[in-house]
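# Secondary and tertiary structure notes
One-letter residues, chain by chain:
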Amino acid sequence: FAPFTATWRARKPEAITLIHADPRVDNIMFDRRGAEPHAYLIDWQMVSRGSPAIDLAYFLTGSLSIEDRRACERTLIADHAAVVAAVDPSYTVAIAERAYRLAVASGLSATVGASSVMPGTPHNRALLVALAKSNVAAMRDWRTLEAIAEL
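Residues numbered from 1 in each chain as written. Predicted model: local features only at pLDDT ≥ 70, side-chain atom pairs only at ≥ 80, totals over all residues. Heavy atoms only, no water.

## Focus on the side chain of R69
- You can see R69 is positioned in helix α3 (residues 66-87).
- Setting aside chain neighbours within four positions, we find R69 in contact with L60, T61, L64, Y100, A137, A138, D141 and W142. (Helix = DSSP H or I, 4+ residues; strand = E, 2+ residues; numbered from the N terminus. Contact = heavy atoms within 4.5 Å.)

## A closer look at the packing of aromatic side chains
- All told, the structure shown has 2 aromatic pairs when counted by the stated rule.
- Summarising the aromatic geometry, the rings of F1 and W8 are spaced 5.8 Å apart at their centres and angled 70° between planes, so their arrangement reads as edge-to-face.
- Its relative accessible area of 22% is what places F1 among the partly exposed residues.
- The exposure class assigned to W8 is buried, which follows from its relative accessible area of 5%.
- With a centroid separation of 5.0 Å and an interplanar angle of 65°, the aromatic rings of Y100 and W142 are classed as edge-to-face. With Y100 in helix α4 (residues 93-103) and W142 in the loop between α6 (122-141) and α7 (144-149), the pair connects residues that are 42 residues apart, well separated along the chain. In this pair, the class of Y100 matches that of W142, namely buried. (Phe/Tyr/Trp six-rings, centres within 6.5 Å; stacked < 30°, edge-to-face > 60°. Buried < 20%, exposed > 50% of the residue type's maximum accessible area, 1.4 Å probe, protein only.)

## Quick notes on the environment of R70
- By the secondary structure assignment, R70 is in helix α3.
- Taking the relative accessible area as the measure of exposure, R70 reaches 46% and is therefore partly exposed.
- Along the backbone, R70 and A137 are 67 residues apart, and their C-alpha atoms lie at a distance of 9.9 Å.
- If we ignore the near neighbours within four places in the chain, the residues touching R70 are A137 and D141.

## Comments concerning helix α2 (residues 53-63)
- Buried residues dominate α2, accounting for 8 of its 11 residues.
- Restricting attention to buried positions, one finds in α2 the residues A53, I54, D55, L56, A57, Y58, L60 and T61.
- Lining the buried residues of α2 we find β1 (17-19), α3, α4, α5 (105-115) and α6.

## Description of the pairing of strand β2 (residues 28-31)
- In this structure, β2 lies alongside strand β3 (residues 38-41), joined through 4 bridges in antiparallel fashion. Residue pairing across strands places F30 opposite A39, the latter belonging to β3.
- Where β2 folds back onto β3 in an antiparallel hairpin, the turn is made up of 6 residues, including G34, whose phi is positive at roughly 90°. (Pairing = 2+ DSSP bridges.)

## Re the pattern of salt bridges
- Scanning the model with the defined rule gives 8 salt bridges in all.
- The shortest N-O distance in the salt bridge between D26 and R24 comes to 2.7 Å.
- D26 gets classed as exposed once you look at its relative accessible area, which sits at 53%.
- Overall, the relative accessible area of 30% leaves R24 in the partly exposed class.
- One salt bridge in this structure joins E73 and R69, with 2.8 Å as the shortest N-O distance. (Salt bridge = Lys/Arg side-chain N within 4 Å of Asp/Glu carboxyl O.)

## Brief notes about the nonpolar core
- Residues A53, I77, Y91, Y100 and V104 are the most contacted members of the largest nonpolar core, which totals 26 residues.
- Counting residues per element, the ones that place at least two in this core are α2, α3, α4, α5, α6 and α7.
- Here the element with the most residues in this core is α4; it accounts for 6 residues.
- In this view, I77 contacts L56, A96, E97, Y100 and W142; residues no more than four positions away in its chain are not counted. (Core = buried A, V, L, I, M, F, W, Y, C linked by side-chain atoms within 4.5 Å.)

Given below as structure tokens:
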């Protein structure tokens, strides 16, 4: 991934929105009061602008098992595209999938960055290895390096 990083970071997304940039499971609070459960993103210290697919890819590739991600991600991408399209009708599932294909690299980028600042405890090492395996599996599934090379 390292030789592709500069190209990946310099890309211009087809759509830009406000992104959380760290939507991990531990940054989500759930409220089950009422008929429907609600989820709230907390810890907005890394808020930025970027592709709508960044937060989705970061969450799915880092918070779900590889098998669970594979089972539901195309449906969730389509659902996500429909939500974005309610605000920007030009945002289609095809655009969302192209953006997602590139955005899955955000997980590996964050994992590598975290490895340089997290204390080297056995728990942290195990966590980082699990995240890296999940991130790389998603990049292989979506042929992300090939997509970056095409930019």
